[in-house]
Amino acid sequence: MGQLCGRCMQLLRDFIGFVQRMSSDLVQGIKECLTLISNCSCLKQNSSKNRQLYKPILQPHERVTAQEFLQHIETVNIPLPVEHLEPFYALLRSADLEVQQMSSLSLVNFLLEGNIDKELVVQMGLLEPILDLLESEDPTVQCNSCACIMTLAVSESNREAIGAARGVTPLLSLANSYDPRVQQNAVGAILNLTQSEKIQQVLCKEGALPVLALLLESPDSEVQYYSCAALSNVAANVQHHKVLLRPSDRFLLRTLISLLSSSVDKVSSQACVCLRNLATSVDIQAVMVAENVLPQLCSLLASGSEDVRRASIALLWILSQHPPNQDTLACAELLQSLGMLLAAHKTDPVIVGHTACIIKNLCLSKNRQRITESCCVEGLLQTMLLTDTQEDSLHYVTSCLAELAKQEGAMLHMVQWMDEPLTRCLVRLAGQLEHPEPSFHAAFIIQHMISHEKMMLLWKYHIEEIQAYLKNFLTHQEVRFQQLGISTLCRLQADPDFSLAFRKSQMAKLLDQVRQQTEETQELLRAAMCHEDS
């Protein structure tokens, strides 16, 4: 292959130098061009009426220049340099519709891909032209500008800036748009803004809550979800409940309850969350129960979605805390659903913990006998085998079983399900004093089961372990542990095998030490009381 002559080599060097100069000057040339365009008086028309009557169009080569710039920066490695972000101000301010569409879409894509620092966009003054584009008459521009606000509003500082720039009002207007894309993005932007308490107050003043409530009935599931999630954020603040739940107006509660039956899991889940946030008073809960919320919550417990199951069980837990609801909740249908839920999700700490709390609350109802007859007792016992001692849910399970153990009918039912693994589990938990609550509850259950012949046979396989935890209880600093240890010891001494084991282990000596400490404490108390009387 031949070599280039000196003249051709020089021409090639000149061409390379020309290309380098052109690439470095390209951005600067585009910025200067767009700056001149933006400073033209034709771009100073602010009212929507003037924009409607006068729509200046860029020269073809200027529109091409803008398009080439946007295409060029798409090839730039992330993050996008500041000098490439500056021209967006002029592009978004352009009176040319096509440039508005292209630049707003490009900005949205950069924001969604994380190629631009969201706070930097606001700091560089791009929020103002974006908010102005919300008032455009073009649905594409509206859609893109709403998407920009929705993405920017993920940042806390940006939310404050959007609120200060009065960006809420145009978003509320677009939330009623007939264009589904615009409506989705507008409501999505409002949702992100509701993470700010200041914006929540603005929304209440601007009349946004009725708008969001009406959007719950939208045929678009995305709009339903966004509006429901926004209302959930607002409802998390009790101060807004008066506005959300106006007297004699059950529209919001009824609509949310109807959304529980939505075929879209995230909609029904979010409806549960919103109802839970609203259920802060007995009166509101009474309305929910009166609106027949219970059957729908029962069906949601069997959902294939983890979020739906967890949201529904959390709402039921809130409802079960108030005595007026307990008799209604302690129905066969709910107890059956709770039992099946425990059987299917023994290792889910959220499900197990909330279910145990609900059953414990329902033990106080007039219909508590139904709990004994249900499969809930078996479910609680089985979950105890699989729950890690580090989990808070174990505390709730053992607490619930200890409450049931106080009732003779429930205790008989528990004894029927007891076997060697469950017996070993209870004894092991009783000995784990590093977890005081499960330890105390397990020992409490053991003490109440002693009078049953079946259980005495099972306890005898664990005499050494029982002695060990009883010694720890007798020397425990808390009086309740000492008292439980003494009462358990008294009951077990009626059995010859346990009585013999206690004599060999010098348990009587330990009891005598406790007696002496108790007598000393009593003497000190008497002295203190006499001094107080004098």
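Everything that follows concerns the structure shown earlier in this document.
All figures in this text were calculated on a predicted structure; none of them were measured in a lab.

Quick look at the pattern of salt bridges
Okay, step 1: Within the structure shown, the criterion is met by 14 salt bridges.
Okay, step 2: The partner of Arg-181 in a salt bridge is Asp-179, and the shortest N-O contact between them spans 3.3 Å.
Okay, step 3: With its nearest N and O atoms 3.1 Å apart, the salt bridge here joins Arg-254 to Glu-291. Placement of the pair is Arg-254 in helix H17 (residues 251-259) and Glu-291 in the loop between helix H19 (282-290) and helix H20 (293-300), with a sequence separation of 37 residues.
Okay, step 4: With relative accessibility at 47%, the residue Arg-254 sits in the partly exposed group.
Okay, step 5: Residues joined by salt bridges that share partners form a network here, namely Arg-93, Glu-128 and Asp-132.

Re the nonpolar core
Okay, step 1: The biggest cluster of nonpolar side chains holds 155 residues, and the ones touching the most others in it are Leu-278, Met-384, Leu-404 and Trp-459.
Okay, step 2: Sequence-distant contacts of Leu-278, that is, excluding residues within four places in its chain, are made with Ala-235, His-241, Leu-244, Leu-245, Leu-252, Leu-253, Leu-256, Ile-284 and Met-288.

Some details on the packing of H20 against helix H21 (residues 306-320)
Okay, step 1: Between H20 and H21, whose axes approach to 9 Å, the crossing angle comes to 140°. The angle between H20 and H21 places the two elements in the oblique class. Between H20 and H21 the crossing geometry is left-handed. Judged by residue contacts, Val-293, Leu-294, Leu-297 and Leu-300 of H20 engage Val-308, Arg-309, Ser-312, Leu-315, Leu-316 and Leu-319 from H21.
Okay, step 2: Classifying every residue of the contact of H20 with H21 by side-chain character gives 8 nonpolar, 1 polar and 1 charged.

Focus on the packing of aromatic side chains
Here a ring pair, both rings aromatic, is described through the centre-centre distance and the interplanar angle of the planes.
Okay, step 1: Under the definition given, this model contains 6 aromatic pairs.
Okay, step 2: With centroids separated by 5.9 Å and ring planes inclined at 50°, the aromatic side chains of Tyr-225 and Tyr-226 adopt a geometry described as tilted.
Okay, step 3: When the centroid spacing of 5.2 Å and the interplanar angle of 70° are considered together, the rings of Phe-440 and Phe-481 count as edge-to-face. In this pair, Phe-440 sits in helix H30 (residues 436-449) while Phe-481 sits in helix H33 (residues 479-492), placing the two residues 41 residues apart along the sequence.
Okay, step 4: Phe-440 sits in the buried class, given a relative accessible area of 14%.
Okay, step 5: Clustering of aromatic rings is evident, with ring pairs tying together Phe-440, Tyr-469, Phe-473 and Phe-481.
Okay, step 6: Taking the ring centre of Tyr-225 as reference, the NZ or CZ of Lys-266 above it sits at 4.8 Å.
Okay, step 7: The ring of Phe-440 is capped by Arg-480, whose NZ or CZ atom sits 4.6 Å from the centre of that ring.

Thresholds, definitions, all that
- Residues numbered from 1 in each chain as written.
- Predicted model: local features only at pLDDT ≥ 70, side-chain atom pairs only at ≥ 80, totals over all residues.
- Heavy atoms only, no water.
- Salt bridge = Lys/Arg side-chain N within 4 Å of Asp/Glu carboxyl O.
- Helix = DSSP H or I, 4+ residues; strand = E, 2+ residues; numbered from the N terminus.
- Buried < 20%, exposed > 50% of the residue type's maximum accessible area, 1.4 Å probe, protein only.
- Core = buried A, V, L, I, M, F, W, Y, C linked by side-chain atoms within 4.5 Å.
- Contact = heavy atoms within 4.5 Å.
- Axes fitted to C-alpha atoms, helices over the stretch in contact; angles between N-to-C directions.
- Parallel < 35°, antiparallel > 145°, perpendicular 65-115°, else oblique.
- Left-handed = near helix turned anticlockwise from the far one by under 90°.
- Nonpolar A, V, L, I, M, F, W, Y, C, P; charged D, E, K, R; others polar.
- Phe/Tyr/Trp six-rings, centres within 6.5 Å; stacked < 30°, edge-to-face > 60°.
- Lys NZ or Arg CZ within 6 Å of the ring centre and 35° of its normal.

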